[in-house]
Amino acid sequence: MRKNYYRKLAFMGMLLIILFTFQQYTSKNKKDFSGVKFITKNTPSLHLSVFDPNDLDWKQWQNLGFTEKQVSTILNYKKVVGGKFISKEQLRKCFAISDEKFSELESYILLPDNNKASQSGNFKNVDKKEITVSQKFNPDNLSANDWLQMGFSEKQAEAILKYKNYLGGSFVSKEKFKECFIISDENYKKLAFYLLLPEKTPVNFKSFAHNDHNEKPKIRYYSFNPNTSTITDWQALGFTQNQAKVIVNYRDRNLKGNFKDLEDIRKCFVISAEKFEELKPYIQLNPSTTTANSTENKKLGIKQEKTDFSKTDLNTITFKQLLEFGLDEKSAGSILGFRKKLGGFVNKEQILDTYNIDKDLVQKLISICPLNTSDIPKYTLAEAPEEWLKNHPYFKYSADKIIYFRISNPDDKKIWKLLKLKPEYEAKMRLYLQ
């Protein structure tokens, strides 16, 4: 019993010695952190000033403290809501802008508080500079400083002057002045009365000043029969390819293949009165022979030659030939109308995109007929004519943006980046670009 007691006592003594030794060791090696101070990284404070979120570009949003992904989301959201923020309430709904960030920016935003205020015109906390003008003026004579004094921002003044240079150094007319992307409808109404410009744009006006020096080659007229003239023949007489196509389609579709008299030719809307007078002495047209040919052929039992569709180009095929192939008038008219708007088909699949057609029959047609695309006009985004952009089915919805962007960025790659289109839309547009 005593042995067990002493053993336990010895064990407890040894345990106490070990604990005491460990405590002494840790106390010697314990470091004093009382003088240590934590350094926090100071984020640079934003120097904010009033701004309209509709005027901010990619970099300016980043300067407000947003990441690239956030900026991308904000700009996409802007497109979704119609291309323009109309109130703070609407902007706040963008999930890329946190409540904390919005609170930081709110007092600087030049927008009405809510959508109702925007619609009624009761803008609160908006100090946007008003456009003021008191006397009539010619905008061609104004400098950047003059536009600033009128109430436009520096960037707006710069864009207005670039637009003037794009037009060739003159706004030309009130119509063209109104088309300037920077000038809103509201501001145009304020300025219109004071503008010393003609109301309408001259018919012969060209959008690109650098093309004005290109003189049109003199046309050598010759005697011709308008009922047998091809698209190439009409082009040789001074018409563009599109105009020539319209004339041929007008003859073959509306007049069933024949101009009966000079009045029929005069009525074709792409032939101006001046052009008709130039052509008139050279037109060889005998109404009696044109109308009598078909009846005479019937009497003699002469059959008209059938079209060899394996040699008929889909870009020159006529209304008459489409009917001959088996299409109804509605389908034939839709195909030719769509081809006219496009300026010609670039690939056969486009024809299947035409509305109101018998797709099975058209599929058979495009499998037989060849397609020549060599005569289709193609441009760059920076050089494409304004009228062409606004009328082409693939470009018209982006035309205003293209025209605006290329004023400051006359480079196709930059314009594509700024447009940010869906891949399928971009692919269609590229078919008609150099």
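Rules used throughout
Residues numbered from 1 in each chain as written. Predicted model: local features only at pLDDT ≥ 70, side-chain atom pairs only at ≥ 80, totals over all residues. Heavy atoms only, no water. Helix = DSSP H or I, 4+ residues; strand = E, 2+ residues; numbered from the N terminus. Buried < 20%, exposed > 50% of the residue type's maximum accessible area, 1.4 Å probe, protein only. Phe/Tyr/Trp six-rings, centres within 6.5 Å; stacked < 30°, edge-to-face > 60°. Contact = heavy atoms within 4.5 Å. pLDDT = per-residue confidence, 0-100. Core = buried A, V, L, I, M, F, W, Y, C linked by side-chain atoms within 4.5 Å. Arc of directions from axis to C-beta. Salt bridge = Lys/Arg side-chain N within 4 Å of Asp/Glu carboxyl O.

*Asks:* Tell me about unusual backbone geometry, and please be specific about residues and values.
*Replies:* Here the phi dihedral of Lys-256 falls at roughly 55°; this positive angle occurs in a residue that is not glycine. Of note, Lys-256 is situated in the loop between helix H12 (241-254) and helix H13 (262-266). For Lys-420, which is not a glycine, the phi torsion comes out positive at approximately 50°. If you trace the backbone, Lys-420 turns up in the loop between helix H22 (412-419) and helix H23 (423-430). Its relative accessible area of 39% is what places Lys-420 among the partly exposed residues.

*Asks:* Please set out the packing of aromatic side chains residue by residue, giving values where relevant.
*Replies:* In the structure shown here, the tally under the stated rule is 17 aromatic pairs. Taking 6.4 Å as the distance between ring centres and 80° as the angle between the ring planes, the aromatic pair formed by Phe-137 and Trp-147 counts as edge-to-face. A residue pair is termed long-range when its members are at least 10 positions apart, and Phe-137 in the loop between helix H6 (115-120) and helix H7 (144-150) and Trp-147 in helix H7 qualify at ten residues. Residues Tyr-250 and Phe-259 carry aromatic rings whose centres are separated by 6.1 Å and whose planes lie at 45° to one another, so their mutual orientation is tilted. Phe-259 shares its class with Tyr-250; the two are buried.

*Asks:* An account of the environment of Cys-369 is requested, with residue identities and associated values reported.
*Replies:* As for its position among the elements, Cys-369 is in the loop between helix H19 (359-368) and helix H20 (386-391). In this structure, the C-alpha to C-alpha distance between Cys-369 and Leu-314, residues 55 residues apart in sequence, is 6.3 Å. Those residues in contact with Cys-369 that lie beyond four places of it in its chain are Phe-309, Thr-312, Leu-314 and Lys-348.

*Asks:* Break down the confidence of the model for the protein for me, with residues and values.
*Replies:* In the predicted model, the protein carries a mean pLDDT of 79, and the fraction of residues at 70 or more is 81%. In this model residues 36-43 is a low-confidence stretch, pLDDT under 50, and it forms zero contacts with partners more than four residues away in sequence or in other chains. Confidence over residues 208-216 falls short of pLDDT 50; this stretch has 14 contacts with residues more than four positions distant or in other chains.

*Asks:* Explain the nonpolar core residue by residue, including any values.
*Replies:* In terms of nonpolar packing, the biggest core is built from 62 residues, with Trp-147, Phe-177 and Phe-395 touching the most fellow members. Looking at which element gives the most residues to this core, the answer is helix H8 (residues 154-167), with six residues. When near neighbours in sequence (up to four residues on either side) are disregarded, Phe-395 contacts Leu-381, Trp-388, Leu-389, Ile-402, Met-429, Tyr-432 and Leu-433. Ile-231, Val-248, Leu-255 and Val-270 belong to the second largest nonpolar core, which has 20 residues in total.

*Asks:* Before we move on, can you summarise helix H10 (residues 185-192) with the specific residues and values?
*Replies:* When H10 is considered as a whole, its buried residues turn out to be Asn-187, Tyr-188, Leu-191 and Ala-192. Buried residues along H10 cover an arc of 130° about the axis, so they all sit on one side. For H10, exposure combined with an orientation more than 90 degrees from the buried face picks out Glu-186 and Lys-189. Structurally, H10 contributes buried residues whose contacts are with H7 and helix H9 (174-178).

*Asks:* Help me get a handle on the pattern of salt bridges, residues and values and all.
*Replies:* Taken as a whole, this structure holds 13 salt bridges when the rule is applied. For Lys-174, the salt bridge is made with Glu-199, and the minimal N-O distance between the two is 3.0 Å. With a gap of 25 residues between them, Lys-174 in helix H9 and Glu-199 in the loop between H10 and helix H11 (231-236) connect regions that are remote in the sequence. A residue is classified by how much of its surface remains accessible, and Lys-174, at 10% relative accessible area, is buried. One network of salt bridges, in which partners are shared, links Lys-176, Glu-179, Glu-386 and Lys-390.

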